[in-house]
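Structural overview
Read off the chains here:
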Amino acid sequence: MQLDAPQSKAHLIWHYFWQNRLSYSLAILFILLVNWLQVEIPLMVKTAIDLLMANVADNQDALMSSVWMIIGASLVLIVIRTLSRMFGLNPGRFVEAQLKNDLFAKLNRLTDSFHSANNSGKLISIINNDISGIRLFFGIGFMQLFNIIFALSFTPFYMWRISPSLTVYSFLPIIFAFAIYRIGFVKMRKLWTDRMHSLQGLSEQLVHFLSGMDVIKAEHMGPWVQNEIAQANQELLDITVKIQRIQVFIMPVLDYANQMMKILILGLGAVMVLNAELTVGEITAFLSYSVMLAVPFGGLGRILSVIQMGMVSIESVMTILNSKIDPTNLKRLSEADSNAIQRSTLKVNNLSYRYPNSESDEPTLKNISFELPQGKKLGILGSVGSGKTTLVNCLNHLYDLEPGMLIYGEHDITDWSRHDWHKQVRTITQDPYLFSATLNENVKFGSEHNANAPTLSVEEAIAAAQLSSDVERFAEQGNTMVGEKGIMLSGGQKQRVSIARALYTPADILILDNVLSAVDYDTERAIMSELSSKLVDRSLVVVSHRVSALQEMDEILVLKEGEIIARGTHSELLKTSSYYQQTWELQQNDQEASA
Ligand SMILES: Nc1ncnc2c1ncn2[C@@H]1O[C@H](COP(=O)(O)OP(=O)(O)OP(=O)(O)O)[C@@H](O)[C@H]1O
């Protein structure tokens, strides 16, 4: 079952604990048996020693059966300890995998505003570092915790049964050590939180620098980048050293107390043996128990680090799991409703938009209105910063809009989940993203889960996007790997792969945001003509700086400072809009010069 919005850390822990209840139950059972056998074996040793100290000849049979029991119990101990580790450690791995799925599912449903507030470097750090911390918490953390709880309840009880007074005296150093240990524990919690923030910061910086590596090299920013990374690294190192100092000096204090305990037992125990208050066998068993306590005390130092790191990591993961999803995004249209609304008219009514983080009161888009019936081709022209991309992001409802601004058929888009709207509208951005896979796979990606069945073959889509001659030159044609983010391809090739992807499974409305900027005029013309012929009954919105790309559109909107200042066909605008006419003439001159 998927976890969404846990109310508290306890809720999250319980959810995954319950999911792995079978493993944990078996682990608890085996850990209980291990701890019980561990305290029983010294009793068997005690009996054997006391028999030895008495007359060996008289007790030979009893002694032999005692030795065999010790051997048998030790062998059983090995087997059940292995089983306890297996069932105790597995849940950590299961929780890690489940939590990653839950996080990805949530990230997929969160809106643009979440992703702008939480950059990918921070998210990568949460998914890698914090989830590893949680894996340790649910694996070794829980296992050792059960171990310590059982060990610290069985062992002192068995010691008490041998000698209550010696137990009280021998535990005095432990009580004192716990007081010191608590100080370290409190300090560690703050340091783990600082370390998590520092790791997230470093990861953010690394992602920024790695994505801008070309610019860094070209503009000789290497020394500055190295310095920034070195500083972040130093900060992380300082915190880690402080944690290590506490781990080395304060956390082992229980270990030291355990040594003190043994000295006390030897000293006081010897006196008690001399006074005939204890037998040699009893003092040997008592000493064995104190030696056994070294494991849980040593473990306590390590395990509390794991638990603290896990709790800090859980807090961090909860910032994602508890991020609010727009309630409309949780609704889903039925298959029948989704089919019924296909091929409707999109109406944009007085659309205005202001960026929430904008310092100006002035909206970026002002009162934009137009209609886009199915099959209509709409062009949008505007100078740099006039609001074209903002309009595209409003049309595909990436940004939050007021009710009534976007109507599709009879439906208000702001009442729909974005998921349902994106089945009808597909946007190709000016910065196309390719996955590290083959070229053909990049064309097909997402099509298996797309409501629209492919209308073309991959080869046809590639040909319509004017990419066939490029693909033929690649070593393995369509099966050539394009590298991370399509690094093996030129900007124009990447744009054409994303056009081929849109043509492969066409949606009702296709929006191209400046995607033809990196191709020459002839290719642009050929692509536009293919788009018109392949998408006859679909709507097309083409945003471009180039008038040539918009010439054949049914209507062109001219944007300036977020407002429509002119609209009409190419020939109408040449007469009515001086801005359009000047842009056209300037670009005609450029085109002739470059021919
Ligand atoms: N995330 C944002 N937060 C605040 N302001 C923004 C944001 N994105 C864009 N803007 C502002 O909105 C205005 C319009 O930007 P937009 O990207 O829509 O223009 P454009 O016409 O697409 O420009 P270009 O042709 O350069 O792509 C600009 O003044 C820009 O500074």
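Residues numbered from 1 in each chain as written. Predicted model: local features only at pLDDT ≥ 70, side-chain atom pairs only at ≥ 80, totals over all residues.

Concerning the overall build of the protein chain
Of regular secondary structure, the protein chain possesses 20 helices and 10 strands. By residue count, 34% of the 595 residues in the protein chain fall in the buried class. The long-range share in the protein chain, meaning contacts at least 24 apart out of those at least 6 apart in sequence, stands at 79%. (Helix = DSSP H or I, 4+ residues; strand = E, 2+ residues; numbered from the N terminus. Buried ≥ 20, exposed ≤ 12 C-beta atoms within 10 Å, placed from the backbone. Contact = placed C-beta atoms within 7 Å.)

Quick notes on the pairing of strand S9 (residues 555–560)
Of the strand pairs in this sheet, strand S3 (residues 377–382) and S9 are connected by five bridges, and their pairing is parallel. Paired with glycine 379 across the two strands is isoleucine 556, which belongs to S9. Pairing geometry for S9 and strand S10 (residues 563–568), over five bridges, is antiparallel. In the sheet register, isoleucine 556 faces S10, and the bridge partner there is glycine 568. In this structure, the hairpin formed by S9 and S10 is closed by a connection of two residues, where glutamate 561 is found at a positive phi of approximately 45 degrees. (Pairing = 2+ DSSP bridges.)

So, the packing of helix H3 (residues 60–109) against helix H10 (residues 280–321)
Axis separation between H3 and H10 bottoms out at 9 Å; the angle between their running directions is 35 degrees. Contacts from Leu99, Asp102, Leu103, Lys106 and Leu107 of H3 reach H10 at Val317, Ile320 and Leu321. When grouped by side-chain class, the residues that make up the contact of H3 with H10 number six nonpolar, no polar and two charged. (Axes fitted to C-alpha atoms, helices over the stretch in contact; angles between N-to-C directions. Nonpolar A, V, L, I, M, F, W, Y, C, P; charged D, E, K, R; others polar.)

Section: the nonpolar core
The biggest cluster of nonpolar side chains holds 64 residues, and the ones touching the most others in it are Ala465, Ala500 and Val541. In terms of residues, this core owes the most to one element, helix H17 (residues 491–504), which gives six residues. The residues touching alanine 500, leaving out its near neighbours within four places in the chain, are Val443, Ala461, Ile462, Ala465 and Leu467. Counting 31 residues, the second-largest nonpolar core is a separate cluster that includes Ile126, Ile134, Phe138 and Val317. (Core = buried A, V, L, I, M, F, W, Y, C linked by C-beta atoms within 7 Å.)

Considerations on the environment of serine 203
Looking at the secondary structure, you find serine 203 in helix H6 (residues 164–211). Given 22 C-beta atoms within 10 Å, serine 203 falls into the buried group. When the C-alpha positions of serine 203 and leucine 123 are compared, they lie 8.8 Å apart, and in sequence the two are 80 residues distant. If we skip the residues at most four places from it in the chain, serine 203 touches Gly121, Lys122, Ile124 and Ser125.

Focus on the confidence of the model for the protein chain
Confidence in the prediction for the protein chain averages 84 pLDDT; 95% of positions are at 70 or higher. Both scores are available for the predicted complex, with the pTM at 0.66 and the ipTM at 0.96. (pLDDT = per-residue confidence, 0-100.)

Details of the sheet that holds strand S1 (residues 346–353)
With respect to topology, four strands assemble into an open sheet ordered S2-S1-S4-S5, the strand pairing being antiparallel. Unpaired on one side and paired on the other, strand S2 (365–372) and strand S5 (411–412) mark the two borders of the sheet. Inspection of the sheet shows S1 paired to S2 by five bridges, in the antiparallel sense. In the sheet register, tyrosine 353 faces S2, and the bridge partner there is leucine 365. With respect to the sheet, helix H12 (residues 388–395) is in contact with S1 and S2, its orientation differing from that of S2 by roughly 60 degrees.

A short note on the site of the ligand
As a structural note, the neighbourhood of the ligand is formed by Tyr355, Asn357, Ser358, Thr364, Gly382, Val384, Gly385, Ser386, Gly387, Lys388, Thr389 and Thr390. Take the shell around the ligand: its biggest share by element is three residues, from H12. Split into classes, the residues belonging to the shell around the ligand amount to two nonpolar, nine polar and one charged. (Near = placed C-beta within 6 Å.)

Re the packing of helix H2 (residues 21–53) against H10
Direction vectors running N to C along H2 and H10 enclose 155 degrees, while the axes themselves pass 8 Å from each other. Viewed along their axes, H2 and H10 adopt a mutual orientation that is roughly antiparallel. The two elements H2 and H10 meet at a crossing, and its hand is right-handed. Mapping the contact onto sequence places Gln38, Val39, Pro42, Leu43, Val45, Lys46, Thr47, Ile49, Asp50 and Met53 in H2 and Val280, Gly281, Glu282, Thr284, Ala285, Ser288, Tyr289 and Met292 in H10. Residue composition of the contact of H2 with H10, by class: 10 nonpolar, five polar and three charged. (Parallel < 35°, antiparallel > 145°, perpendicular 65-115°, else oblique. Left-handed = near helix turned anticlockwise from the far one by under 90°.)

Let's talk about the UniProt feature "transmembrane region" (unreviewed entry) in the protein chain
The UniProt record annotates "transmembrane region" (unreviewed entry) at residues 21–39, 62–83, 136–160, 166–186 and 263–280. Along residues 21–39 one finds 100% helix and 0% strand; the C-alpha atoms at either end are 27 Å apart. End C-alpha to end C-alpha, residues 166–186 measures 32 Å, and it is 100% helix and 0% strand. (UniProt positions renumbered as here; feature names shortened; annotations may be inferred.)

Here's the deal with the sheet that holds strand S7 (residues 509–513)
Reading across the sheet, the six strands line up as S6-S7-S8-S3-S9-S10 and stay open at both edges, with mixed pairing between neighbours. In this open sheet, the two edge strands, each paired with only one partner strand, are strand S6 (425–428) and S10. Across the sheet, the mean angle from the axis of one strand to that of its neighbour is 20 degrees, orientation sign disregarded. Lying over the sheet, H12 contacts S3, S6, S7, strand S8 (539–544) and S9, oriented at roughly 155 degrees with respect to S7.

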